[in-house]
Amino acid sequence: DGFRLVEIERVSGSPHYEVRPTPAGSPADQPISDALHAFDPQDVGPRWAAAMNSRETEPGRAIALARTLLEDVCKWILTESNAGYAEADDLPVLYRRLSKVLKLAPDDHTEQIFKQILGSCASIVEALGALRNKLSEAHSLGPKRARPLPRHADLAVNLSGSMAAFLVATWQARREQEQAA
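Because the structure is predicted, anything quoted here is derived from the model rather than measured.

To continue, consider the overall build of the protein. In terms of regular secondary structure, the protein is built from six helices and two strands. Starting at the N terminus and walking to the C terminus, you meet the elements of the protein as β-β-α-α-α-α-α-α. Projected onto its principal axes, the C-alpha coordinates of the protein cover approximately 65 × 40 × 30 Å. Counting the 181 residues in the protein, one finds 36% classified as buried. Sequence-distant contacts, at least 24 apart, represent 53% of the contacts inside the protein between residues at least 6 apart. Entry remark: accessible area of the protein is about 10,400 Å², with carbon and sulfur atoms responsible for 54%. Taking the average location of the 21 positive side-chain charges in the protein and that of its 24 negative ones, the two points are 7 Å from each other.

Right, let's talk about the nonpolar core for a bit. Where a protein is soluble and globular, its nonpolar side chains tend to be buried together. Core analysis: the biggest nonpolar cluster contains 37 residues, and Leu 36, Leu 70, Ile 77 and Leu 167 have the highest contact counts within it. Among the secondary structure elements, those contributing two or more residues to this core are α1 (29-39), α2 (44-54), α3 (59-80), α4 (91-101), α5 (112-135) and α6 (150-180). Considering every element that reaches this core, the biggest residue donor is α3, with ten residues. Apart from residues no more than four positions distant in its own chain, Leu 167 is found in contact with Leu 70, Val 73, Cys 74, Ile 77, Tyr 95, Leu 98, Leu 102 and Leu 104.

Our focus in this paragraph is the pattern of salt bridges. One pass over the full model with this rule turns up ten salt bridges. Between Asp 29 and Arg 55 there is a salt bridge, with its nearest N and O atoms 2.7 Å apart. Here Asp 29, found in helix α1, pairs with Arg 55, found in the loop between α2 and α3; they are 26 residues apart in sequence, far enough to count as distant. Note that Lys 100 is salt-bridged to Asp 108, the shortest N-O span being 3.8 Å. Taking relative accessible area as the criterion, Lys 100 reaches 44% and is therefore assigned partly exposed.

To continue, consider the confidence of the model for the protein. Looking at the protein as a whole, the pLDDT averages 89, with 90% of positions reaching at least 70. α4 holds the highest mean pLDDT among the elements of the protein, 96, whereas strand β1 (residues 3-11) holds the lowest, 81.

The rules behind these values
Residues numbered from 1 in each chain as written. Predicted model: local features only at pLDDT ≥ 70, side-chain atom pairs only at ≥ 80, totals over all residues. Heavy atoms only, no water. Helix = DSSP H or I, 4+ residues; strand = E, 2+ residues; numbered from the N terminus. Buried < 20%, exposed > 50% of the residue type's maximum accessible area, 1.4 Å probe, protein only. Contact = heavy atoms within 4.5 Å. Areas by Shrake-Rupley, 256 points an atom, 1.4 Å probe, with all protein chains shown as cover. Lys, Arg positive; Asp, Glu negative; His and termini not counted. Charge placed at Lys NZ, Arg CZ, Asp CG, Glu CD. Core = buried A, V, L, I, M, F, W, Y, C linked by side-chain atoms within 4.5 Å. Salt bridge = Lys/Arg side-chain N within 4 Å of Asp/Glu carboxyl O. pLDDT = per-residue confidence, 0-100.

In structure tokens, the structure reads:
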């Protein structure tokens, strides 16, 4: 009905809630949801949903899920393409390998604008991994570190979802091209 309960504080160990409107989200939420759920309804789709649903109430969790979503998509496509990966590979390594498989590496293109955009995509993937290490629940924030806010989670989740949907669409297009050949 457009509202939700949000825990706003704890008093003597008991939660106190407030009724708040459900955030509208991003205009891209539904198309990304559809694409990622169709790609993998068991892991990738639910991970995206959890990241979206955590943006406002648990921004640190949302940031961690955003990074994991990209890792999931990279591993799924690398497995499906028989390119493989090492379990110890971190997200930047996985993305670089996947960008070669999908021909999304900047040096796979001659047009300067594609080189620039694809290089920026690689930078975003690396930055999401670093953001997860600095602001998410993956590591202790300690007493002096910055705390993630919902707007930080919005940015991380929206970037991750857009990248994940782009990678899935590119993988599906490559498979269709190979089948047509």
